[in-house]
Amino acid sequence: MAFLELTHVNKSFDNTVAVHDFNLGPSGCGKTTTLRMVGGFEMPTAGAITIAGQDMTYVPPNKRKVGMVFQSYALFPNMTVADNIGYGLKIAWKPKNEIKTRVEEMLALIHLESYGSRYPGQLSGGQQQRVALARALAMNPQVLLLDEPLSALDAKIRVELRQEIRRIQQKMGITTIYVTHDQEEALSLSDRVVVMSHGKIEQVGKPFEIYNYPATEFVASFVGQLNLIPVKIVDPNQRLVSFDGQLVRAGGRSNQPLPAEAPRLAIRPEEINPGHQDGHNNLRGKVESVSYLGSIIRVKVDMSGLTCTMDMFNEHKQIIPHVGDNYDIHFPEDACWLV
């Protein structure tokens, strides 16, 4: 039995279904409404929620050992950092010396040992979010819930803080559900990623599986960049297709049946390389645009009115094409598949 399980959980608001037949156990999924149901802030319309084998479906939030971190920090502005962290322990009538010791442990955990006497207004956004995390952890929760906790921060701080969250989560060993729309955040933080669309599970798997072996077109398009090129099937047995008279062999999903109608060739931009190479799929087009994205150079190639995106590493000796150039690209058969 998994530590946290959600079994056939449904949630409806009037005539709108927010969560449909949601299962979280050995393989499952979730999003904000589900997160709130785990925390006890919403009651499911149907289904069951168990934590450590105990039914928590209709148990109120203050009776669950669940910690939650919100996007807005939700710190008390008139309380010091130390008082914010120890607030939950105080209302639970824990002894003062126990609260003091626990607060000191949490301050050390989030590397803010000297900030206990400050107020939230004297902290940066990243520091406030660390305090919110420490407050949730101070109660020794069985499950930690994080709802878009970094979305209000700038990009550089987000990267630093997500690494810190991962470090703390692994050190504490707490089962954690993290809701985010940031795909890079999800892939870098997670042991298991769940992709949902319209309240339903699209795919559950390890980050590597989600990105490299998307189960549906939605997952492939939602997680990372993806080229979708309309093609015609030439030889189904050889998985040979054509685009604008150019032949391509799609070998990346050889165990899946060919799409019955409107087939499209799917390929990630980083799988595409410049130039012509024997033994690979080769296509020709015209350079539409070139964008510098730091470590990546993104080249868009126009092929008879359809744009194909290629990502190259920004190397010093890299030959950069010019807009309007005739341009060859190539990619291996196993890098592309049909949807």
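Below: a short report on this structure. Starting afresh in each chain, residues are numbered from 1 along the sequence in its written order. The predicted origin of the model limits local features to residues at a pLDDT of at least 70 and limits the giving and counting of side-chain atom pairs to 80 or more, whereas totals for whole chains, interfaces and linings rest on all residues. To obtain the side-chain values, all non-hydrogen atoms of the structure were used and water was disregarded.

Let us look at the nonpolar core. One broad trend across soluble globular proteins is that nonpolar side chains are buried collectively. By nonpolar core is meant a set of buried Ala, Val, Leu, Ile, Met, Phe, Trp, Tyr and Cys residues that side-chain atoms within 4.5 Å join together. Each residue is assigned to one of three classes by its accessible area relative to the maximum for its type, calculated with a 1.4 Å probe on protein chains only: buried under 20%, partly exposed between the two thresholds, exposed over 50%. Membership of the largest hydrophobic core comes to 32 residues, with the highest contact counts inside it found for I85, V131, L133, L137 and L144. Put simply, DSSP H or I for four residues or longer makes a helix, DSSP E for two residues or longer makes a strand, and each gets a number counted from the N terminus. Going through the elements one at a time, α2 (81–91), α3 (96–109), α4 (125–138), β6 (143–147) and α5 (155–172) are the ones with two or more residues in this core. With 7 residues, the single largest contributor to this core is α4. Once you skip the residues sitting within four places of it in the chain, V131 turns out to touch L75, V81, N84, I85, I110, L112 and L123. Should any heavy atoms of two residues lie within 4.5 Å, those residues are counted as being in contact.

DSSP bridges decide pairing: two strands pair if at least two such bridges lie between them. Strand order across the open sheet formed by 3 strands is β10-β14-β20, with antiparallel pairing between neighbours. Strand pairing shows two members of the sheet lacking a second neighbour, β10 (227–230) and β20 (336–338), which therefore form its edges. Each neighbouring strand pair of the sheet contributes to a mean axis angle of 25°, computed without reference to strand direction. Where strand β14 (residues 264–267) and β20 come together, 3 bridges link them in antiparallel fashion. Along β20, the bridge assignment pairs I267 with C336. In this description, a line fitted to the C-alpha atoms serves as the axis of each element, helices being fitted only across the stretch in contact, and the angle between N-to-C directions of two axes falls anywhere from 0 to 180 degrees.

As a further point, take the packing of α3 against α4. Packing of α3 against α4 brings their axes to within 10 Å, and their N-to-C directions diverge by 135°. The angle between the axes of α3 and α4 places the two elements in the oblique class. In terms of crossing hand, the pair formed by α3 and α4 is right-handed. The segment α3 lies against α4, with R102, M106 and L109 engaging A134, L137 and A138. Each residue belonging to the contact of α3 with α4 can be placed in one class, and the counts come to 5 nonpolar, no polar and 1 charged. Throughout this description, any angle smaller than 35 degrees is read as roughly parallel, any larger than 145 degrees as roughly antiparallel, any in the 65 to 115 degree range as roughly perpendicular, and the remainder as oblique. Crossings are classed by handedness, with left-handed meaning an anticlockwise turn of the near helix from the far one by less than a right angle and right-handed meaning a clockwise turn. Gly is placed with the polar residues, together with every amino acid not listed as nonpolar (Ala, Val, Leu, Ile, Met, Phe, Trp, Tyr, Cys and Pro) or charged (Asp, Glu, Lys and Arg).

Taken together, the buried positions of helix α1 (residues 32–39) are T34, L35, M37, V38 and G39. Positioned one or two residues after α1, G40 has a phi angle of 90°, which is positive.

Attention shifts here to the pairing of strand β13 (residues 246–249). Here β13 shows a buried face lined by Q246 and V248 and an unburied face lined by L247 and R249. Judged from the 4 bridges that link them, strand β12 (residues 240–243) and β13 form a sheet pairing that is antiparallel. Note that in β13 the partner of L240 across the bridge is R249. Connecting the antiparallel pair β12 and β13 is a turn made up of 2 residues, with D244 showing a positive phi of about 50°.

What the 5 strands build is an open sheet, ordered β15-β19-β16-β17-β18; its pairing is antiparallel. The open sheet has two edge strands with one neighbour each: β15 (273–274) and β18 (306–313). Two elements, strand β17 (residues 296–303) and β18, share 8 bridges in a ladder whose sense is antiparallel. Bridge pairing in β18 links I297 to M312.

So, about the pattern of salt bridges. The term salt bridge refers to a pairing of a side-chain nitrogen on Lys or Arg with a carboxyl oxygen on Asp or Glu at a separation within 4 Å. Throughout the structure, instances matching the rule amount to 13 salt bridges. Across the salt bridge formed by E42 and K11, the nearest N and O atoms sit 3.7 Å from each other. Of this pair, E42 sits in the loop between α1 and β3 (46–51) while K11 sits in strand β1 (residues 4–13); the two residues are 31 residues apart in sequence, bridging distant segments of the chain. According to the relative accessible area criterion, K11 is buried, its value standing at 10%. The shortest N-O distance in the salt bridge between E184 and R162 comes to 2.7 Å. You can see E184 sitting in helix α6 (residues 183–189) and its partner R162 sitting in helix α5, a full 22 residues away along the chain. Among the residues examined, R162 registers a relative accessible area of 10% and is labelled buried. Each of K11, R36 and E42 takes part in a single network of salt bridges with overlapping partners.

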